[in-house]
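Structural overview for review
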Amino acid sequence: MGVFIVDTSNSPYARLRPVSISNVKVNDNFWLPRLNTLARVTLPRMYNLLEETGRVDNFRRVSGDFKGGFRGLLFNDSDVYKWIEATAWLLTYMHSDELAKMLNDVVDAVSKAQLPDGYINTYFYDRLSNRYRYLRQSHELYCAGHLIQAAIACRRGGACQRLYDTAVKLANHIVDNFNDHGIVAVDGHPEVEMALIELYRESGDVRYLNEAVFQVSTRGRGTLRGFGMPNAWDFDDEYFIDHKPIKELNEVPIAHAVRFLYLMSGTTDVFMETGDKGLWDALNRLWVDLTETRMYITGGVGSRHEGESIGERYELPNDRAYSETCAAVANIMWNYRMLLATGEAKYADVMELALYNAALAGVSLDGREFFYVNPLASRGYHRRMPWFEVACCPPNIARLLASLPGYIYSLSSDGLWVHLYVSSSVRARLGNNVVELIVKTSYPWDGEVNMVVNPSHSDEFTLYLRIPGWSRGAKLMINGGDYEHELTPSTYVGVRRSWSYGDEVTLRIPMNVDLMSSHQHALANTSRVAIRRGPLIYCIEQTDNPGVDVYNIALKTTCRLEARFNRVLLGGVVIIEGDAYELGTQGRLYESINDVKLAIRPIKFKAIPYYAWANREPGPMTVWVPLMDYYDKVVKNQLSLR
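We now turn to the structure provided with this report. The structure presented is a predicted model; accordingly, all values stated were derived computationally and were not measured. (Residues numbered from 1 in each chain as written. Predicted model: local features only at pLDDT ≥ 70, side-chain atom pairs only at ≥ 80, totals over all residues. Heavy atoms only, no water.)

**Considerations on the overall build of the protein**
Note the following rule: Here a strand is any run of E in DSSP of at least two residues, a helix any run of H or I of at least four, and the numbering for each starts at the N terminus. Three exposure classes are used, based on accessible area relative to the maximum for each residue type with a 1.4 Å probe and protein chains only: buried under 20%, partly exposed in between, and exposed over 50%. Every residue pair with non-hydrogen atoms within 4.5 Å of one another is taken to be in contact. Methods summary: accessible areas were calculated by the Shrake-Rupley approach with a probe of 1.4 Å, and residue burial reflects only the protein chains presented. Lys and Arg are tallied as positive, Asp and Glu as negative. Neither His nor the chain termini are counted. Just so you know, the charge point we use is NZ for Lys, CZ for Arg, CG for Asp and CD for Glu.
When you go through the protein residue by residue, the secondary structure sums to 15 helices and 22 strands. Dimensions of the protein, computed from C-alpha atoms along their principal axes, come out at roughly 75 × 70 × 50 Å. Every one of the 642 residues in the protein was classed for burial, and the buried ones make up 62%. In the protein, the share of contacts with a sequence separation of at least 24, taken over all contacts with a separation of at least 6, comes to 69%. Here the protein has roughly 24300 Å² of accessible surface; of this, 48% comes from carbon and sulfur atoms. Of note, the protein has its 68 positive side-chain charges centred 3 Å away from the centre of its 75 negative side-chain charges.

Below, the structure is given as structure tokens:
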């Protein structure tokens, strides 16, 4: 049995199949230390916090193993489930007696809290007469979805069959109570759709597929209006994506960012099983609208603090960005599914962007603190925290990192696909052949990727390598000879040949320092640029630039910019250094442009990867910086084309 995050092995409308996490060995200097920190620091500390905050005792209370009242918020069960899922994934490739014991203790508490009819929710245990009455806010199916996903992770990883049995019983309870069996409504927070599809893939029971189809097709028909909780917080139907059926959505709604992205993930899962063209057309429209008009340059999603919502097109404030860590995780989940459905590199590009930037910023370098909100500018007051009352983000980033080996490779009927460049090895079956691929690279600091192909016997198949969308001038060599075909950014180059044991492939992707502009309607970035190198977005942090307010740093397109690896700073990072200018502060709030006088002086500046900010002493930070010659440059470029 394979250990798959998303198992499309038998999905009729998926182009790619997953590679088992158990067949991937990560030995990367960038990612392996993070996985070790996750195992040794983050997950054990998170377990202790789940215990200290009463989240696990809430389950023991239901079974009678704890005497006391319910503690926390109505969706706190889901934090426990995400921790279980993260731990189960990690234990498939890292041994830890400590974590295995913790996992067993938590699974025992959860399983014993299930009621005879299959229902499990510690908040509604004292309110059983109200279960499913308040679906608009209750998160009951949301919590159930996270339990099902955790249970599948446990079963696939061999950690525990018991939780899977609990999840099946809960899923049967949902099937018996929703759809044409009674309740014609959806959950206010999408999530269960993904879980039900994955349970269908795991079990083969078509009832779970039908229930997921019901949840997706019923969304947008206003069914939640009769399921509101008295005197509770509330938003309009659009916030819940319950204002219009998915097939009729022509643009991304002003909705809760995580709800929207989870719903898109579940809808993509439904498509891969059913081939519903109406859903697929909608998914493509919404993906384009999101990535081209509403997504931050970091891959983050969510412009508004109010309702943790996606904003209007080009509404992308920097210091007020919400860009929730959970939304970055969800963005990766959606794009991974779109990638499995199509094999198109544009989805892997967004997956990589969000992974290295918006998501990775969500956890400190020492694995002990977390961001809920990820702004792109700060005066220095925004800091990571050890935990939150609403603690969805810490275990969410944990389960993403724990499942990372499952995102690197995929299979198709004709070959092996490499999506993320991570030093690792993979073993995969292609027809009657077993192929080992060994990858060595210093990515994301260096763009050279060296690969050795070791089939069990010489055979013809295709090796698909992603040419990132940010790249220019990538070169490919096979056994020392140049690959003659053009390498187009944001595509996969498919190298089909008869491969023999020890064949060598080298991909060289130049990592230039680029100044990125944004659409003119993104008013927060007018006449500003961001720095990008490879998959990483950079920021300028006060601690690296003493004596100057980073908000006053400006660049010219002619400024010298150099990349240099610093093996000591922030665990080892490539920094960007170069020439810049300090803009003196303008005198009055408003004055005639003819009267403005700014003292401008040349300075040196330093930028670090965005994911690494706020790991040292507090101070201002910004991603977007003024470009002094922005419009001159644009006009010159236009004139040169005439």
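Next comes the rest of the description.
**Some remarks on the sheet that holds strand β4 (residues 409-412)**
Here is the rule we go by: At least two bridges found by DSSP between two strands are what make those strands a pair.
As summarised here, the arrangement of the five strands in space is β1-β4-β5-β9-β12, forming an open sheet in which the pairing is mixed. Each edge of the sheet is formed by a strand with only one pairing partner; in this case those strands are β1 (17-18) and β12 (491-499). Where strand β9 (residues 459-467) meets β12, nine bridges bridge the pair, whose relative direction is antiparallel. Its bridge partner lying in β12, R466 is registered against Y492.

**A short note on the environment of I183**
As for its position among the elements, I183 is in the loop between α7 (162-177) and α8 (192-203). Those residues in contact with I183 that lie beyond four places of it in its chain are Y132, L135, N177, F178, F214 and F227.

**Overview of a nonpolar patch on the surface**
The criterion, for reference: Patches in this entry comprise residues that are over 30% relatively accessible and not in a salt bridge; like charges within 9 Å are linked, as are nonpolar side chains (Val, Leu, Ile, Met, Phe, Trp, Tyr) within 5 Å. Definition used for salt bridges: Asp or Glu carboxyl oxygen within 4 Å of a side-chain nitrogen of Lys or Arg.
A contiguous nonpolar surface patch, about 230 Å² in accessible area, is contributed by L598, I600 and M628. Looking at where I600 falls in the secondary structure, it is placed in strand β20 (residues 600-609).

**A short note on the packing of helix α1 (residues 32-52) against helix α3 (residues 77-91)**
How we decide: All axes are obtained by fitting lines to C-alpha atoms, using only the stretch in contact for helices, and the reported angles, taken between N-to-C directions, cover 0 to 180 degrees. Should an angle fall under 35 degrees it is called roughly parallel, over 145 degrees roughly antiparallel, and 65 to 115 degrees roughly perpendicular, with every other angle called oblique. What makes a crossing left-handed is the near helix being turned counterclockwise from the far one by less than a right angle; a clockwise turn instead makes it right-handed.
Contact geometry for α1 and α3: axes closest at 11 Å, N-to-C directions at 150°. Comparing their axes, α3 and α1 come out roughly antiparallel. Classified by chirality, the crossing of α3 by α1 is left-handed. Residues L35, L38, A39, L43, M46, Y47 and L50 of α1 pack against D79, V80, W83, A86, T87 and L90 of α3.

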